[in-house]
Amino acid sequence: MSRIAIVDLLGKEGVGSMGVQLLRQYLIAGGHDVQRLTFRAHDGSQGDLFPASASAVHASFPGRPDAVFASAITARALISWPRAAAALRLPVRAEDRRRGSFPLVVFGGQACAAPAPLLDFADVVALGDGEVTGPRIADLMADGADPSDVMVALRGEPGFSIWPHEPLSLTRVEFQGALPVQIVRPSARSAPTLELARGCQSRCVFCPIGWAGGTYREAPRSAIQHALNSLRGRAVNLFAPDYSSVSWAEDADRALESAACTPRGRDARADVTLRRLSRGAEPAAGQSYSFGIEGFSERIRSAMGKPMSDEALAELMGMLHRAGVLNVKWYLITGFPGEDESDLGALRRVLDNVLAVYPGHLSLTVTLLQPVPHTPLGWADGHYDQEAAARAMSLRTHLRGVSERTGRVVIASQPKGPGLHEHDVLLSRGDRRVADYIVALDSRESLVSSGAWRDLAADTCDAVAALRPMVPTAATPWSGVDVGTPASTLRLALATYQRRMVRNTPTVSPATDLRLAR
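In this text, all values refer to a predicted model and were calculated from it rather than measured experimentally.

Points about the overall build of the protein
Of the regular secondary structure elements, the protein holds 19 helices and 19 strands. Computed over C-alpha atoms, the radius of gyration of the protein comes to 23 Å, within 12% of the 24 Å expected from 2.2 N^0.38 for 518 residues, which places it in the range of a compact globule. For the C-alpha atoms alone, the extent of the protein along its principal axes is close to 65 × 55 × 40 Å. The 518 residues of the protein split such that 55% are buried. Sequence separation of 24 or more characterises 73% of the internal contacts of the protein that already satisfy a separation of 6 or more. Surface exposure of the protein reaches about 21,000 Å², of which carbon and sulfur atoms provide 52%. When the 56 basic and 54 acidic side-chain charges of the protein are each reduced to a single mean position, those positions are 3 Å apart.

This is the structure:
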């Protein structure tokens, strides 16, 4: 038996922490002693291990763990590492841990697809399904291997990159066989969750799940039905990155009903939901929906991989009203390369049509596009798009006026500001020098929110290079990572996006408006 501390750097609840929960359950099932540490409000459950600004749950073993598994679900989570290392009494950098007897430090999670900023912190970087990478390391340690033995054993194995990571070479690995089904409680307040699918078949140009999230896999129906029967009468969340596109989603809904379980999932794809409603499917009582509409206009949605006409959106919302659905959320992204004021006008017109047929609560969450590695738009300009932000604020003002005139509940969020936006780009696209910045920041989130991080970045790393447009054929800090999608495929998808945008907007120049380095 090995003793593993899983450090949840982001501390995110809900389905965002499912990977951490699944890993923990797999390790426990393998006979290992597991402690999950988080960084939320102090609740006293961890004794004196963490200071009052942090908390730990599931503590079961005294003393030092054999290994620390640090989960970085997003790149922003990396700024918590200095605080986590101090709480665990570990040197922040891997090179400093070589001088003493310390637990093995393993970084995993989505941020490891572009791992340059964390390489100096990790003894091992793991990429892929935690059911494969986590037990492999824990079993080695249970057999008596110390950290240096583990690093020697893993060197050259797919799924792992070993310190000092020169040159960087990392290949994503996956669980072989049917997708395992486990009942997960992402937080104490959340409903039991079952993973219906992993990966995503919808390859939207901005989203890493379909490009870097591995092979799309669906859970066996019989396993889901068995799990639902064990949860009879409970509220349950059936989770998938694109739930409504799961091939047997309607059967899953019927399985929920047969087990007398109340569905808690909201996320769905708008076009698939429209097809299902048109075939006579009915939402569950009290069901709410969240749709990733993303593009402001038809031409943006068509170019980025979610073709949905304005008329179809109005038709969908009308059908939801007739079905008794009272609460709908739209996720929108502004700042797509080639977007202009005409796209905002198109969105206003479609909202007018939607509000004419849907009297329920409609909320819009609006974010600015952020270029993410291993996506077709991952090479685009990472600077804050002030014009796009102005469009988002104009939309917000417009909907506030609609609400005041009509008494309707129609709201739009305010997008995050330039400081946080560009900070996230730096952490996700930066090179190895970003580790120096993270150490200098020392987990001080206040410097991030205030924008003062820029001074630290200027002294420690090249934020300018991380933010500027990149040449799609040039080397990047993540070029040594194989996520399963070749860069050539991403370049082809980018070219398709560019052609569609230029074709639909004759005045657009791909060399400037699409904001890519040439």
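Some thoughts on the environment of Val68
Tracing the backbone through its elements, the reader meets Val68 in strand β4 (residues 67-71). Exposure remark for Val68: the relative accessible area of 1% places this residue in the buried category.

Digging into the packing of helix α12 (residues 341-357) against helix α13 (residues 386-406)
The contact between α12 and α13 brings their axes to 11 Å, and the two run at 25°. One element, α12, and the other, α13, form an angle in the roughly parallel class. Note that α12 runs across α13; the crossing there is right-handed. Contacts between α12 and α13 involve Glu341, Leu344, Leu347, Arg348, Leu351, Asp352 and Leu355 on the former and, on the latter, Arg391, Ser394, Leu395, His398, Leu399 and Val402.

Topic: the pattern of salt bridges
Taken as a whole, this structure holds 33 salt bridges when the rule is applied. For Asp271, the salt bridge goes to Arg269, with nearest N and O atoms at 2.8 Å. Look at Asp271 and you get buried, because its relative accessible area is 15%. Glu341 is the salt-bridge partner of Arg391, the closest N and O atoms lying 3.6 Å from each other.

Structural notes on helix α5 (residues 147-154)
For α5, every residue scored as buried is listed here: Pro147, Val150, Met151 and Leu154. Down the axis of α5, the smallest arc covering the buried residues is 100°, so these residues share one side. Packing partners of the buried residues in α5 comprise β5 (104-108), β6 (124-126), α4 (130-142) and β7 (160-162). Where α5 terminates, the next one or two residues include Gly156, which has phi positive at roughly 90°.

Rules used in this analysis
Residues numbered from 1 in each chain as written. Predicted model: local features only at pLDDT ≥ 70, side-chain atom pairs only at ≥ 80, totals over all residues. Heavy atoms only, no water. Helix = DSSP H or I, 4+ residues; strand = E, 2+ residues; numbered from the N terminus. Rg over C-alpha atoms; globule rule 2.2 N^0.38 Å. Buried < 20%, exposed > 50% of the residue type's maximum accessible area, 1.4 Å probe, protein only. Contact = heavy atoms within 4.5 Å. Areas by Shrake-Rupley, 256 points an atom, 1.4 Å probe, with all protein chains shown as cover. Lys, Arg positive; Asp, Glu negative; His and termini not counted. Charge placed at Lys NZ, Arg CZ, Asp CG, Glu CD. Axes fitted to C-alpha atoms, helices over the stretch in contact; angles between N-to-C directions. Parallel < 35°, antiparallel > 145°, perpendicular 65-115°, else oblique. Left-handed = near helix turned anticlockwise from the far one by under 90°. Salt bridge = Lys/Arg side-chain N within 4 Å of Asp/Glu carboxyl O. Arc of directions from axis to C-beta.

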